Amino acid sequence: MARARVGGVGLFYEVTGEETGEPLVLVHGSWVDHHSWDAAVPLLAASGHRVVVYDRRGHSASESPPGPGSRTQDEDDLAALIEHLGLAPAHVAGNSFGGATALGLAARRPELFRSVAAHEPPLLGVVAGDPELGPLMRGTQDAIERVLADLRAVDAEAAARRFVDEVAFGPGSWERLPGPVRETFLVNAPTFADEQADPGWSHLDLTRLAGYTGPVLLTRGTESPPWFPVITDRLAAALAQARVRTLEGAGHVPQATHPELYAAVLTEFLASAGR
């Protein structure tokens, strides 16, 4: 088990692929861990990349420091891991909260990046005040509040089930998840509460982000909630060089549900970004 001590926290990581390949760091979302990339890693490594996955602080095999954390700390962890492994400049791809982490760091430390790809970062602050999305977002925010109430009641299973069925994937999805995936949700449930306690978790300074001039890929799925296309469009407006791709039939975690499609789109982007 490889572990890097960065920023005072021990992070579990794994490396797959050729030592001489261009580095690609994958950043997972909330509730899950590096295994959410399992189906896509062999495909991405086969394209010649040195693929690095890791568990973010508070998730699975990485350490859980005391007290609530922040997305900025996740960004700092990602920067420290890239530097610790000597990967800079690296390609970085993030899913959901991991996508927000990647974009946030790119705005702050652009020299660490060869390119950045983000699938549906939940940056709700970017679309705050949108009159059409408001009612839909309020319904989701109410569901998240119910998830947090379950977590405060120390009922991780109720919280995880509610998040999967009412927020992320739709009714009945919890029962369809494989047992190991449900167990991962339960183990990592407390960290979701920590993420939500960070007042800046859903915000990103678009003016500062516009200072990142490297290659950018923004992806979204046709089966995802309606605010993600709007978030993607707002990000693309700030990043004139960004490519936007819609993944047909995919939802919020395409690397797990549609790995061939996701890997093909990402690999094509990385090839052009490498050039």
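In every chain, residue numbers begin from 1 and rise along the written sequence. At least 70 in pLDDT is required for a residue's local features to be given in this predicted model, at least 80 for side-chain atom pairs to be given and counted, and no such filter applies to totals for whole chains, interfaces and linings, which use all residues. Computation of side-chain values covers all heavy atoms of the structure but excludes hydrogens and water.

Trainee: Go over the overall build of the protein, please, and point to the residues and values.
Mentor: A count of helical and extended segments in the protein gives 11 helices and 8 strands. Computed over C-alpha atoms, the radius of gyration of the protein comes to 17 Å, within 12% of the 19 Å expected from 2.2 N^0.38 for 275 residues, which places it in the range of a compact globule. The C-alpha extent of the protein, read off along each of the three principal axes, is 50 × 45 × 30 Å. Only protein chains enter the calculation, and the probe is 1.4 Å; a residue is then buried if its accessible area is under 20% of its type maximum, exposed if over 50%, and partly exposed in between. Per-residue burial over the protein gives 55% buried out of 275 residues. Only heavy atoms matter for contacts: two residues are in contact if any of them lie within 4.5 Å across the pair. A separation of at least 24 residues holds for 74% of the contacts in the protein among residues at least 6 apart in sequence. Computed with a 1.4 Å probe, the accessible areas rest on the Shrake-Rupley method; for each residue, only the protein chains presented here act as cover. Entry remark: accessible area of the protein is about 11,400 Å², with carbon and sulfur atoms responsible for 53%. Counted charges follow a simple rule, with Lys and Arg positive, Asp and Glu negative, and His plus the chain ends left uncounted. Here the site of a charge means atom NZ of a Lys, CZ of an Arg, CG of an Asp or CD of a Glu. Computed over 22 positive and 35 negative side-chain charges, the separation of the two mean positions in the protein equals 3 Å. Runs of E in the DSSP output that reach at least two residues are strands. Runs of H or I that reach at least four are helices, and both are numbered from the N terminus. Using C-alpha atoms as the atom set, the radius of gyration is obtained and then compared with a globule rule of 2.2 Å times the number of residues to the power 0.38.

Trainee: Mind laying out the environment of Ile-82, listing which residues take part and the relevant values?
Mentor: Looking at where Ile-82 falls in the secondary structure, it is placed in helix H2 (residues 71-84). Overall, Ile-82 belongs to the buried group, its relative accessible area being 1%. Measuring from C-alpha to C-alpha, the distance between Ile-82 and Val-52 comes to 9.5 Å, with 30 residues separating the pair along the chain. Those residues within four positions of Ile-82 in sequence are excluded, and the remaining contacts are Val-25, Leu-87, Ala-88, Val-92 and Leu-112.

Trainee: Give a description of the environment of Pro-65 that names residues and reports values.
Mentor: Along the chain, Pro-65 turns up in the loop between strand S4 (50-54) and H2. Measuring from C-alpha to C-alpha, the distance between Pro-65 and Ala-264 comes to 37 Å, with 199 residues separating the pair along the chain. Apart from the residues within four sequence positions on either side, Pro-65 is in contact with Val-9 and Arg-57.

Trainee: Let's hear about the packing of helix H4 (residues 134-152) against helix H5 (residues 156-168): which residues, and what values?
Mentor: Lines fitted to the C-alpha atoms define the axes, with helices restricted to the stretch that makes contact. Angles between their N-to-C directions range from 0 to 180 degrees. Two elements in contact, H4 and H5, have axes separated by 7 Å at closest approach and are oriented at 165°. Accordingly, the angle class assigned to the pair H4 and H5 is roughly antiparallel. Once H4 is placed against H5, the crossing between them reads as left-handed. Residues Thr-140, Ala-143, Ile-144, Arg-146, Val-147, Asp-150 and Leu-151 of H4 form the contact with H5, whose own contacting residues are Ala-156, Ala-158, Ala-159, Arg-162, Phe-163, Glu-166 and Val-167. Residues are sorted three ways: Asp, Glu, Lys and Arg are charged, Ala, Val, Leu, Ile, Met, Phe, Trp, Tyr, Cys and Pro are nonpolar, and all the rest, Gly among them, are polar. In terms of residue class, the contact of H4 with H5 is built from 9 nonpolar, 1 polar and 4 charged. Just so you know how the angles are binned, under 35 degrees is roughly parallel, over 145 roughly antiparallel, 65 to 115 roughly perpendicular, and the rest oblique. Handedness of a crossing is defined here by the sense of rotation of the near helix relative to the far one, left-handed for an anticlockwise turn of less than a right angle and right-handed for a clockwise turn.

Trainee: If you had to explain the packing of aromatic side chains to someone new, which residues and values would you point to?
Mentor: Working definition: a ring pair exists when centres of Phe, Tyr or Trp rings (six-membered ring for Trp) sit within 6.5 Å. Plane angles under 30 degrees give stacked, over 60 give edge-to-face, the rest tilted. According to the stated counting rule, one finds 8 aromatic pairs in the structure shown. Judged by centre distance (6.1 Å) and plane angle (75°), the rings of Phe-113 and Tyr-212 are edge-to-face. Placement of the pair is Phe-113 in strand S6 (residues 113-119) and Tyr-212 in the loop between helix H8 (206-209) and strand S7 (216-221), with a sequence separation of 99 residues. Take Phe-113 and Tyr-212: they sit in the same class, and that class is buried.

Trainee: Talk me through the sheet that holds strand S2 (residues 9-16); I want residue IDs and the actual numbers.
Mentor: Ordered in space as S1-S2-S4-S3-S5-S6-S7-S8, the 8 strands form an open sheet in which the pairing is mixed. Edge strands, defined here as strands with exactly one partner in the open sheet, are strand S1 (2-6) and strand S8 (242-247). Recorded for the sheet is a direction-independent mean angle of 25° between the axes of neighbouring strands. By this definition, two strands are paired if DSSP reports at least two bridges between them. Relative to S7, S6 is paired through 4 bridges, and the arrangement is parallel. Bridge pairing in S7 places Ala-118 opposite Leu-218. Helix-sheet contacts for helix H3 (residues 97-108) involve strand S3 (23-27), strand S5 (90-95) and S6, and the interaxial angle to S6 is about 145°. Those strands touched by helix H9 (residues 227-238) are S7 and S8, and its axis lies near 165° from that of S7.

Trainee: Could you give an account of H9, with specific residues and numbers?
Mentor: An ideal rise of 1.5 Å per residue puts 16 Å on 12 residues; H9 measures up with 17 Å between its terminal C-alpha atoms. Those residues of H9 lying buried are Trp-227, Phe-228, Ile-231, Thr-232, Leu-235, Ala-236 and Ala-238. To estimate how far a helix should reach, multiply one less than its number of residues by 1.5 Å.

Trainee: Can you break down helix H7 (residues 179-197) residue by residue, with the values?
Mentor: Since the α-helix packs 3.6 residues into each turn, any two residues three or four apart lie on the same face. Over its 19 residues, H7 extends 28 Å from the first C-alpha to the last, a length consistent with the 27 Å expected when each residue adds 1.5 Å. At any given residue, the bend is defined as the angle formed between two axes, one fitted to the seven residues that end at that position and one fitted to the seven that begin there. At Asn-188, H7 is bent by approximately 50°, the largest bend along its length, and proline Pro-190 sits one to four residues beyond. Looking at H7, one finds that the buried residues are Thr-184, Phe-185, Asn-188, Ala-189, Thr-191, Phe-192, Glu-195 and Gln-196. Those residues of H7 that are buried lie in contact with H3, H4, H5 and helix H6 (173-176).

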